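Listed below, chain by chain, are the residues.
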Amino acid sequence: MSTPKIAVQGLCKSFDGERVLDGVDLSIPDGGSLVLLGESGSGKTLTLKCIMGLVKPDSGAIRIDGQDTVNLSGRDRDQLLGRCGMLFQQSALFDSLPVWRNVAFRELERKELSPEAAHAMAVKCLSSVGLGPRVADLLPSELSGGMQKRVGIARAIASQPEIILLDEPTAGLDPIMSNVIAGLIVTNVRELGATALSITSDINTAIKIADQIVLLHEGKVAWTGPPDEIANTGNDVVERFIHKWKIEQAAA
Ligand SMILES: Nc1ncnc2c1ncn2[C@@H]1O[C@H](COP(=O)(O)OP(=O)(O)OP(=O)(O)O)[C@@H](O)[C@H]1O
Ligand SMILES: [Mg+2]
């Protein structure tokens, strides 16, 4: 078997004596798309933060291309992050910067592109998420929630990363827009040939994006499998999760 792009083994993390991650294992092959599904508070974002090195796990291994990343620091950590594109849970756009400067933020900060070239690059990335050139010069506050998510995705793909990490790319969007955004993610990730790790609490989004789903429950992997098997797992935790999700969908 070839080395996974991302491999997490026995990841544990506690805060104030309370175990939030309790031995999480997951593995994503190069070019794969894994979705972490789970209720609020199940440890999804924390798993992602550990992988990005923003939080240090208490124990467990995280390997990217077979190399341990838990103990990276300084330049090595920066280099690893430079290979990743990220969409944070709250889109996290800089309110005071126009959209194009948000999309090309990294390239501008590192002076890899002139402002003109960065603007052109941003316009191109925006078009691949279905936004016209006019949007480039607006401020994030002038955009709808769905447009902000698109800008967040444009920024995540701007540097043509090998790894894309997306935290709740469709949260707060209506089902139609969620479906559109999920489709954009699939197309763009495929086009880049990137490896994707996405987080969601929405089953429809997970099914659309994933080739493998991991359901986290109370900091443990309760189930993992391909999207077409999630409806018939015979697993109590999965069935309860689906049941609750359906009730929430009906109430929304
Ligand atoms: N830095 C921290 N300090 C203390 N507790 C934390 C910290 N980070 C996360 N936690 C706790 O870990 C648990 C899991 O948090 P996490 O953000 O991973 O949840 P999540 O699955 O992403 O939930 P949501 O769907 O609501 O975003 C929560 O109970 C949270 O309070
Ligand atoms: Mg979260």
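Residues numbered from 1 in each chain as written. Chains lettered and ligands numbered in written order. Predicted model: local features only at pLDDT ≥ 70, side-chain atom pairs only at ≥ 80, totals over all residues.

(A) Spotlight on the sheet that holds strand β5 (residues 67-68). Spatially, four strands are ordered β2-β1-β4-β5 in an open sheet, and the strand pairing comes out antiparallel. The sheet terminates laterally at β2 (18-28) and β5, the two strands that pair on one side only. As judged from the two bridges shared by strand β4 (residues 59-64) and β5, these two strands associate in the antiparallel manner. Following the sheet pairing, Ile64 is matched in β5 by Gln67. Helix α1 (residues 44-52) rests against β1 (6-15), β2 and β4 of the sheet, and its axis sits at about 115° to β1. (Pairing = 2+ DSSP bridges. Helix = DSSP H or I, 4+ residues; strand = E, 2+ residues; numbered from the N terminus. Contact = placed C-beta atoms within 7 Å. Axes fitted to C-alpha atoms, helices over the stretch in contact; angles between N-to-C directions.)

(B) Spotlight on the site of ligand 1. Ligand 1 sits among Phe15, Val20, Gly38, Ser40, Gly41, Ser42, Gly43, Lys44, Thr45, Leu46, Gln89 and Ser201. Here the element with the most residues in the shell around ligand 1 is α1; it accounts for three residues. When its residues are assigned to classes, the shell around ligand 1 shows three nonpolar, eight polar and one charged. (Near = placed C-beta within 6 Å. Nonpolar A, V, L, I, M, F, W, Y, C, P; charged D, E, K, R; others polar.)

(C) Representation of unusual backbone geometry in the model. Non-glycine residue Asp65 carries a positive phi angle of around 50°. Along the chain, the position of Asp65 falls in the loop between β4 and β5. Look at Asp65 and you get partly exposed, because 16 C-beta atoms sit within 10 Å. The phi torsion at Glu218 lies on the positive side, around 50°, for a residue other than glycine. With respect to the helices, strands and loops of the structure, Glu218 is situated in the loop between β9 (212-217) and β10 (220-225). (Buried ≥ 20, exposed ≤ 12 C-beta atoms within 10 Å, placed from the backbone.)

(D) Structural detail: the nonpolar core. Val103, Ala122, Leu126, Ala154, Ile164 and Val214 are the most contacted members of the largest nonpolar core, which totals 68 residues. The leading source of residues in this core is helix α6 (residues 145-158), at seven residues. Leaving out residues up to four positions away in the same chain, Ala154 has contacts with Val103, Cys125, Leu126 and Val129. (Core = buried A, V, L, I, M, F, W, Y, C linked by C-beta atoms within 7 Å.)

(E) Up close: the confidence of the model for the chain. Residues with a pLDDT of 70 or more make up 100% of the chain, whose mean pLDDT is 93. Helix α2 (residues 74-82) is the least confidently modelled element of the chain, averaging 87 in pLDDT, while β1 averages 98, the highest of any element. (pLDDT = per-residue confidence, 0-100.)

(F) Up close: the environment of Gln90. Mapped onto the fold, Gln90 is located in the loop between β6 (84-87) and α3 (99-103). Sequence separation of Gln90 and Asp167 is 77 residues, and the distance between their C-alpha atoms is 8.3 Å.

(G) Quick peek at helix α7 (residues 175-192). With 18 residues, α7 should reach 26 Å at 1.5 Å per residue; the first-to-last C-alpha distance of 26 Å fits that figure. Those residues of α7 not exposed but buried are Ser178, Ile181, Ala182, Ile185, Asn188 and Val189. Across the axial projection of α7, the buried residues extend over an arc of 135°, all falling on one side. Exposed side chains of α7 directed beyond 90 degrees from the buried face belong to Ile176, Thr187, Arg190 and Glu191. A positive backbone phi angle near 70° is found at Gly193, which sits one or two residues after α7. (Expected span 1.5 Å × (residues − 1). Arc of directions from axis to C-beta.)

(H) Focus on the packing of helix α5 (residues 115-128) against α6. Relative orientation of the contacting elements α5 and α6 amounts to 120°, with a least axis distance of 9 Å. Relative to α6, α5 is oriented oblique. α6 is crossed by α5, and the crossing has right-handed handedness. Where α5 abuts α6, its residues Met121, Cys125 and Leu126 lie against Ala154, Ile157 and Ala158. Residues of the contact of α5 with α6, tallied by class, amount to six nonpolar, no polar and no charged. (Parallel < 35°, antiparallel > 145°, perpendicular 65-115°, else oblique. Left-handed = near helix turned anticlockwise from the far one by under 90°.)

(I) Inspection of the sheet that holds β9 at higher detail. Taken in spatial order, the six strands make up an open sheet running β6-β7-β8-β3-β9-β10, and their pairing is mixed. Edge positions in the sheet fall to β6 and β10, since each has one partner strand and no second. Across the sheet, the mean angle from the axis of one strand to that of its neighbour is 15°, orientation sign disregarded. As judged from the five bridges shared by strand β3 (residues 33-38) and β9, these two strands associate in the parallel manner. Following the sheet pairing, Leu37 is matched in β9 by Leu215. Of the strands in this sheet, β6 and β7 (163-167) are in contact with α6, which crosses β6 at around 170°.

(J) Quick peek at the pairing of β4. Sheet analysis places β1 next to β4, joined by five bridges and oriented antiparallel. Counterpart to Cys12 in the pairing with β4 is Ser59.

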